[in-house]
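Residues per chain, in single letters:
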Amino acid sequence: MGRSFEVRKASMAKTAGAKTKVYSKYSKEIYVVAKNGSPDPEANLALRGLIERAKKEQVPSHVIEKAIAKAAGGAGEDYEAMRYEGFGPGNTMVIVDCLTDNNKRTFTEVRQAFVKNDAKLGSPGTCAHMFDHQAIFAFAGDDEDGILEILMMDDVDVTDVEVEDGMTTVFAPHTEFFKVKTSLSNALPGVEFEMEEITFAPQTYTKVEGDDLAAFDKFINALEDCDDVQNVYHNAEL
């Protein structure tokens, strides 16, 4: 099976909690992006893309608008991005991305999730080298050469283009996210992306089964229960 199959698994590996957790996640991210840039989505590509992804996950408009208004008002929290890496049950590798206004609290909560679930928190870089930090777009189509030509004509740095089962998947460095989206959207009016995200895609997978499977699920749930955790990436094949 090809990389597009692996990417579908990678997408599944990036876990999300209940709706309230999803709303909170996007509210915080939108606030940070709007505050650090412009609160106007037309002038802030990162914000516009984030709002589009939030809407796809059915985040209500009032949640989005409130976060933007809060950022535009200049008041509120100062969030900092934190990343933790380590090993979960079954010798899996895990990356945990957080946004926090209290580093000590976040570290304590994430560390407890590891300690209480037979997992080991590592130092920065422990696992990241085994993941590819990529922009990934997937959409219906089978013209691999045509898509590659479109992107090359627009001077987009592309890692790979793959076609499988009528689905085209474009892989690019995470820094090329907006260039890829703009190029494809302009060349393919009305294109609908089944996937459009920046993710950590594992280079290899570790099969988890038996007692490790239950322990792994408990571990991931503990991480997701931390309010400051935004995304969890792992290489577990469940």
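The structure this text deals with has already been given above.
Residues numbered from 1 in each chain as written. Predicted model: local features only at pLDDT ≥ 70, side-chain atom pairs only at ≥ 80, totals over all residues. Heavy atoms only, no water.

Engineer: Before we go on, may I ask you to explain a negative patch on the surface in this structure?
Structural biologist: The grouping of Asp 142, Asp 143, Glu 144, Asp 145 and Glu 149 at the surface amounts to a negative patch. By secondary structure assignment, the location of Asp 142 is in the loop between strand S4 (131–140) and helix H6 (144–153). (Patch = residues over 30% accessible without salt bridge, like charges linked within 9 Å, V, L, I, M, F, W, Y side chains within 5 Å. Areas by Shrake-Rupley, 256 points an atom, 1.4 Å probe, with all protein chains shown as cover. Salt bridge = Lys/Arg side-chain N within 4 Å of Asp/Glu carboxyl O. Lys, Arg positive; Asp, Glu negative; His and termini not counted. Charge placed at Lys NZ, Arg CZ, Asp CG, Glu CD. Helix = DSSP H or I, 4+ residues; strand = E, 2+ residues; numbered from the N terminus.)

Engineer: I would appreciate a short explanation of the sheet that holds strand S1 (residues 80–88) in the present structure.
Structural biologist: Neighbouring strands of a sheet are bound in pairs by backbone hydrogen bonds; such pairs are parallel or else antiparallel. Strands sit in the order S3-S1-S2-S9 across an open sheet of four strands; the sheet is antiparallel. Either end of the sheet is taken by a strand with one partner, and the two such strands are strand S3 (120–121) and strand S9 (229–234). Across the sheet, helix H5 (residues 103–115) is in contact with S1, strand S2 (92–100), S3 and S9; its angle to S1 comes to roughly 15°. Strand contacts of helix H8 (residues 211–224): S1, S2 and S9, with the helix running at about 155° to S9, the strand carrying the most contacts. (Pairing = 2+ DSSP bridges. Contact = heavy atoms within 4.5 Å. Axes fitted to C-alpha atoms, helices over the stretch in contact; angles between N-to-C directions.)

Engineer: Sorry, what's going on with the packing of aromatic side chains here?
Structural biologist: Considering all chains together, one arrives at eight aromatic pairs under this definition. Seen from their ring centres, Phe 137 and Phe 193 are 5.3 Å apart, and the 65° between their planes marks the pair as edge-to-face. Separated by 56 residues along the polypeptide, Phe 137 in strand S4 and Phe 193 in strand S7 (residues 193–202) bring together distant segments of the chain. Neither residue differs from the other here; Phe 137 and Phe 193 are each classed as buried. (Phe/Tyr/Trp six-rings, centres within 6.5 Å; stacked < 30°, edge-to-face > 60°. Buried < 20%, exposed > 50% of the residue type's maximum accessible area, 1.4 Å probe, protein only.)

Engineer: Sorry, what's going on with the packing of H5 against H8 here?
Structural biologist: The axes of two packed helices give the description: the angle between them and the distance between them. For the pair H5 and H8, interaxial distance at closest approach is 9 Å and the crossing angle is 170°. Considering their axes alone, H5 and H8 lie roughly antiparallel with respect to each other. Residues Val 110, Ala 113 and Phe 114 of H5 lie in contact with H8, whose contacting residues are Phe 219, Ala 222 and Leu 223. Of the residues that constitute the contact of H5 with H8, the class distribution is six nonpolar, no polar and no charged. (Parallel < 35°, antiparallel > 145°, perpendicular 65-115°, else oblique. Nonpolar A, V, L, I, M, F, W, Y, C, P; charged D, E, K, R; others polar.)

Engineer: Can you help me understand the pattern of salt bridges in this one?
Structural biologist: Pairing is possible between side chains that carry opposite charge, provided their charged atoms lie close to one another. Throughout the structure, instances matching the rule amount to ten salt bridges. A salt bridge links Glu 42 to Arg 48, with the nearest nitrogen and oxygen atoms 3.5 Å apart. The structure contains a network of salt bridges with shared partners spanning Lys 28, Asp 101, Arg 105 and Asp 228.

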